[in-house]
Amino acid sequence: MSASNAQSSSTAIRPKLSELFRAFVIVSISGFGGALPWARRMIVDQRRWMTAEEFNEAFALSQFLPGPNVVNFSVVFGSRFGGAPGAAVALAGLMGPPLIIVTILAVLYARFGDLEVLGRILAGITAAATGLLIAVVAKMATPLFGKRWDWAPLVAIAAFIGVAIMQWPLPLVFAVLAPVSVACAWMTR
Amino acid sequence: MNDNPLIALAGYFALLSLFAVGGANAAIPEMHRIAVEVMHWMSDRQFADSFAISQVSPGPNIIIVTLIGYHVAGLAGAAVATAAMCGPTCVLAFLVARTWDRFKEARWRIAIQAGLVPVSLGLIAASAFVLARSADHNIYAAAITAITAIVGFATRINPLWIFAVGGLLGLSGWV
């Protein structure tokens, strides 16, 4: 185990692999509508494996990386405390229970998905979940659009138009906009 | 494109996992474009249903790829889609995590982080747009979306309550 390159946490409590696994299982099955608040509660408040600042720093890295944020976080956190085995164990704990549950739901949907009642319930949930996503966008946009009108809102609008209206492939939109946006950020700092 | 759906699933989702800045919510339009419009794996409604199921399931929302994979190719499809969506980004996360602290104050790192925020905002806004177009096919569904958006923005209510109310309104035939 390559624990030698893992940094020690200032809180000085180092979880064992089995504890890591159990912690991420609990985070995954509690985390309806986003696992972040649960991960923070477990890791910072209950187990004291990280300070709030260390957690924020690790999570900033997870958001900066592409792909699902909480999945990235499990890898970043697990590798910090247990190298590659730690990362694998944290990831398995996070993804294992949801995979089993969702596979069961997928089997049920394949069998009963045509039922009109189920369709109506899911349509109601989708309408509500879409509203919540709009709320997320509004919360993210407030600091970005509230300040002086600069390049950042223009990039956000361009990404929206490219993907939602023009329906261009995401890799294409990303390959054009990300370098422009990073260059703008570089020059305004 | 290859006829084997497992290869198509693996290819599309592995590529997508490397461009989805902002997580699962930012990847919805591209998943919709591929699954519904390009590959015709599922109908618009089946995609919206998969999104709803992924939202009410515990765990990361990226689990929607498991549902799409299962719909396309059964258990093997579910496994391949999930592994493809998580694999490349996990390897990247593992490699970057080892060197990250060294570059904490580096100017290029700060510029990349600041530059990606508006891109992911635009992508998540596009997700909301694509989902609204699938879900809000009448005035009542649109009203649920609008009210939920306001409640979600103004309060910190547990999303499960909002999903429960949305599901009940759907059940009672309003949507």
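Residue positions are given per chain, counting from 1 as you read along its sequence in written order. Chain letters start at A and ligand numbers start at 1, both assigned in the order the entries are written. Reporting in this predicted model follows two pLDDT cut-offs: at least 70 for local features of residues, and 80 or more for side-chain atom pairs to be given and counted; totals over whole chains, interfaces and linings ignore these cut-offs and use all residues.

**Student:** Would you explain the overall build of chain B in this entry?
**Tutor:** Helix and strand definitions here come from DSSP, where helices need a minimum of 4 consecutive H or I residues and strands a minimum of 2 consecutive E residues; each element is numbered from the N-terminal end. When you go through chain B residue by residue, the secondary structure sums to 7 helices and 0 strands. For chain B, the N- to C-terminal ordering of α and β elements is α-α-α-α-α-α-α. Here the C-alpha coordinates of chain B stretch approximately 55 × 45 × 25 Å along the principal axes. To assign burial, the other C-beta atoms lying within 10 Å of each residue's own C-beta are counted, with C-beta atoms placed from the backbone; 20 or more indicates buried, 12 or fewer indicates exposed, and intermediate counts indicate partly exposed. Residues counted as buried form 53% of the 175 residues belonging to chain B. Considering only intrachain contacts with a sequence separation of at least 6, the fraction spanning at least 24 residues in chain B is 58%. Two residues qualify as a contact pair if the distance between their C-beta atoms, derived from the backbone, is within 7 Å.

**Student:** Please explain the environment of Gly173 of chain B as it appears in this structure.
**Tutor:** Within the secondary structure layout, Gly173 of chain B lies in the segment after helix 7 (159–171). With 54 residues separating them in the primary sequence, Gly173 of chain B and Val119 of chain B have C-alpha atoms 38 Å apart.

**Student:** How do you make sense of the packing of helix 3 (residues 52–64) of chain A against helix 4 (residues 69–112) of chain A when you look at a structure like this?
**Tutor:** Geometrically, a packed helix pair is captured by the angle between its two axes and the distance between the axes. Residue and element names in this part refer to chain A. Running from N to C, helix 3 and helix 4 point in directions that differ by 130°, and their axes come no closer than 8 Å. Relative to helix 4, the element helix 3 lies oblique. Here helix 3 runs over helix 4; the crossing is right-handed. Facing helix 3, whose interface residues are Ala58, Phe59, Leu61, Ser62 and Gln63, helix 4 presents Asn69, Asn72, Phe73, Val76 and Phe77. The axes are straight lines fitted to the C-alpha atoms, using for helices just the contacting stretch, and the angles between their N-to-C directions are given from 0 to 180°. In this scheme, roughly parallel covers angles under 35 degrees and roughly antiparallel covers those over 145, while 65 to 115 is roughly perpendicular and the rest are oblique. Left-handed is the label given to a crossing in which the near helix is rotated counterclockwise from the far helix by less than a right angle, and right-handed is the label when the rotation is clockwise.

**Student:** Looking at this structure, how should I read the interface of chain A and chain B?
**Tutor:** By a frequent convention, interface size equals the accessible area lost on bringing the separate parts together. With 84 residues of chain A at the contact, the number on the chain B side is 86 residues. Within the residue set of the side of chain A that touches chain B, elements represented by two or more residues are helix 1 (17–30), helix 3, helix 4, helix 5 (116–146), helix 6 (151–165) and helix 7 (170–188) of chain A. Ranked by residues supplied to the side of chain A that touches chain B, first place goes to helix 5 of chain A with 24 residues. Among the residues forming the side of chain A that touches chain B, the class breakdown is 62 nonpolar, 18 polar and 4 charged. Gly is put with the polar residues, along with every residue not named as nonpolar or charged; the nonpolar set is Ala, Val, Leu, Ile, Met, Phe, Trp, Tyr, Cys and Pro, and the charged set is Asp, Glu, Lys and Arg.

**Student:** Hey, could you run me through helix 4 of chain A in this one?
**Tutor:** Side chains of residues three or four places apart in an α-helix project in the same direction, reflecting 3.6 residues per turn. The span you would expect from a helix comes to 1.5 Å times its residue count less one. Taking 1.5 Å per residue, 44 residues should reach 64 Å; helix 4 of chain A reaches only 32 Å between its end C-alpha atoms and comes up short. The angle between axes fitted to the seven-residue stretch ending at a residue and the seven-residue stretch beginning at it gives the bend at that residue. Along helix 4 of chain A, the largest kink reaches about 145° and is centred on Gly82 of chain A; proline Pro85 of chain A follows within four residues of it.

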